[in-house]
Amino acid sequence: MNIMYEFFPYMTNDDSVGLYNPEFNDIYHSAFGAVIEAYEKFVCPSLKYIDNFNKNVRVLDICYGIGYNTKVFLNELLKNKETDKNFYIDCVDTDKVLFELSPFIKNKIDFINKLRYKKLLYKNINNYYEAKKIVSLKQKNLNYKINTKVNKIILLNLIKNFGVEFLSEESKKNLVKKENLPFFDKDILIFMKNLLKSEVYLLKKENKSTFVHNIYYGYISKRIKNTKKRLYFENFDINFYPTDIRQYLLNHSTSYDIIFLDGFTPAKCPCIWSVEFFKELFNHINSKGIIVTYNMSAPVRFAMKEAGFYIGNIISNDNKNIGTIASKTKDNIFYPLSIEQEGLLNTKAGIPYRDENLILENDKILLNRIHEVEDSNLISSSKYLKGCSK
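For clarity, every value in this text was computed on a predicted model and none was experimentally measured.

(A) How the structure looks around the overall build of the protein. Along the protein, the regular secondary structure elements total 17 helices and ten strands. In the protein, buried positions account for 52% of the 390 residues. Look at the contacts in the protein between residues 6 or more apart in sequence, and 74% of them connect residues 24 or more apart. For the protein, the accessible area works out to roughly 18700 Å², and carbon and sulfur atoms hold 50% of it.

(B) Region of interest: the packing of helix H13 (residues 275-283) against helix H14 (residues 298-306). It is the contact of H13 with H14, at a shortest axis distance of 8 Å, that shows an interaxial angle of 45°. With respect to H14, the axis of H13 lies oblique. Note on packing geometry: the crossing formed by H13 with H14 is right-handed. Contacts between H13 and H14 involve Val275, Phe278 and Lys279 on the former and, on the latter, Val300, Ala303, Met304 and Glu306.

(C) Geometry of the sheet that holds strand E2 (residues 17-21). Reading across from one edge, E1-E2-E3 is the order of the three strands in this open sheet, with antiparallel pairing throughout. Strand pairing shows two members of the sheet lacking a second neighbour, strand E1 (9-11) and strand E3 (26-27), which therefore form its edges. Looking at chain direction, E2 and E3 are connected through two bridges and run antiparallel. Bridge pairing in E3 places Tyr20 opposite Ile27.

(D) Quick look at the sheet that holds strand E6 (residues 236-241). If you trace the seven strands from one edge of the open sheet to the other, you get E6-E5-E4-E7-E8-E10-E9, paired in mixed fashion. Looking at strand neighbours, the two that pair on one side only are E6 and strand E9 (310-315), the edges of this open sheet. On average, adjacent strands in this sheet sit at an angle of 20° to one another, irrespective of strand direction. Bridge analysis of strand E5 (residues 86-92) against E6 gives six bridges, and the strand direction is parallel. Bridge pairing in E6 links Asp90 to Asn239.

(E) Representation of the pattern of salt bridges. If you walk through the whole model with that rule in mind, you get ten salt bridges. For Asp244, the salt bridge goes to Arg246, with nearest N and O atoms at 3.1 Å. Between Lys305 and Glu342 there is a salt bridge; the shortest N-O distance is 2.9 Å. With a gap of 37 residues between them, Lys305 in helix H14 and Glu342 in helix H15 (residues 339-344) connect regions that are remote in the sequence. Its relative accessible area of 39% is what places Lys305 among the partly exposed residues. Overall, the relative accessible area of 29% leaves Glu342 in the partly exposed class. Here the salt bridges share partners, and the residues they tie into one network are Asp244, Arg246 and Asp355.

(F) Spotlight on the environment of Asn239. For Asn239, the location among the structural elements is in strand E6. When the C-alpha positions of Asn239 and Ile89 are compared, they lie 6.3 Å apart, and in sequence the two are 150 residues distant. Apart from the residues lying within four places of it in its own chain, the contact partners of Asn239 are Ile89, Asp90, Cys91, Lys160 and Asn161. A polar side-chain atom of Asn239 sits 3.5 Å from a polar atom in the side chain of Asn161.

(G) Structural context of helix H6 (residues 148-162). Helix length check: H6, at 15 residues, gives a terminal C-alpha distance of 22 Å against a target of 21 Å (1.5 Å per residue), a fit within 8%. Turning to H6, its buried residues number three or more, namely Val150, Asn151, Ile153, Ile154, Leu155, Leu156, Asn157, Leu158 and Ile159. Structurally, the start of H6 carries an N-cap: the backbone nitrogen of Lys149 is 2.9 Å from a side-chain oxygen of Asn147. Two residues or fewer after H6 comes Gly163, characterised by a positive phi angle close to 95°.

(H) Representation of empty space enclosed by the protein. Following the criterion strictly, the structure yields one cavity of 30 Å³ or more and no others. Volume-wise, the largest cavity comes out at about 30 Å³. Every element with two or more residues in the lining of the largest cavity is listed here: helix H1 (34-47) and helix H2 (68-79). At four residues, H1 tops the list of elements feeding residues into the lining of the largest cavity. The residue inventory of the lining of the largest cavity, partitioned by class, reads four nonpolar, two polar and two charged.

Rules behind the numbers
- Residues numbered from 1 in each chain as written.
- Predicted model: local features only at pLDDT ≥ 70, side-chain atom pairs only at ≥ 80, totals over all residues.
- Heavy atoms only, no water.
- Helix = DSSP H or I, 4+ residues; strand = E, 2+ residues; numbered from the N terminus.
- Buried < 20%, exposed > 50% of the residue type's maximum accessible area, 1.4 Å probe, protein only.
- Contact = heavy atoms within 4.5 Å.
- Areas by Shrake-Rupley, 256 points an atom, 1.4 Å probe, with all protein chains shown as cover.
- Axes fitted to C-alpha atoms, helices over the stretch in contact; angles between N-to-C directions.
- Parallel < 35°, antiparallel > 145°, perpendicular 65-115°, else oblique.
- Left-handed = near helix turned anticlockwise from the far one by under 90°.
- Pairing = 2+ DSSP bridges.
- Salt bridge = Lys/Arg side-chain N within 4 Å of Asp/Glu carboxyl O.
- Polar contact = N/O pair within 3.5 Å; in protein donor to acceptor, adjacent residues only side chain to side chain.
- Expected span 1.5 Å × (residues − 1).
- 1 Å grid on protein atoms, 1.4 Å probe; cavity = no way out; pocket = protein on both sides within 12 Å on 5 of 7 lines; lining within 4 Å.
- Points joined across faces, edges and corners; volume = space filled by probe spheres on them.
- Nonpolar A, V, L, I, M, F, W, Y, C, P; charged D, E, K, R; others polar.

Right under this line is the structure:
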């Protein structure tokens, strides 16, 4: 069952597309910029460790959404023309519609569509989570560009995973809605139509799996002559899993080198921030592997430590603390937590979310933590911080 029953796009401050989820009453992407966030908080920190991994690098993208972390990661790898590694990326999200729409999302909103967007924004203000409060229409300049090849790679792998008719009726409707058109890349839609049209005769002669195989590899062999360019496609194997990440981990034994953890905040979706969840991630990560996340909250960091991870800060180029990195290996932690940050974990603020057997509903997890905090004799975070400031 899909989480998002309707597509609610908005424009973030780096001109990329963000999404609002009405069920969680929350946004998928930072108003600061969806692409900037993926680049600074997830991809850049991860790329520093690539040389530590074997030839076959395995990546888990938790809460894929419309795929910015995977897209920016692929984009950076495409820049490295000499890479000799193979990348296997498993993307998990409960909403299959997001997978289906992800290759069609525009990488950047152009000037004309900005004007259309403003009109739509104020026309549908109630549908956009009072979007004026989320997004400033004063745009931030960003020269970073995602190569159009990235969306083609995503599209080809979706066809490989789900077949040529991978688009649900819901996705088809969203792709043709007038109000959504400013957010979709027309060229990718045309690319898909031409790609399928050029191979459609195979349907009469071969079975579906062979048809998909021919589309996937036929495109590569016909359109890309250069060996290195061909490797850009063949070195990436992406799989999509529309399921609860907890169940995915319980049913799969794959070990990963890089894990992107980019779900809704614990206040909205605590099931992916619990002690038990991180213990499961601990079982699914290689000895030199890393987890990267935007989340810096005390209960999440405590849960990571409780699960056995070493943890540290992700520091931006302008020396700001912008996220958390976790690893089984202490040597992977370049910026350890400060004494104050460590101490905060031992206050009431650090009491973690718990999800025994990984089956509890979010509301139950939140309620259990509230009760645990109320019954705790630990010092409050405010008293602790006040003491630190003396």
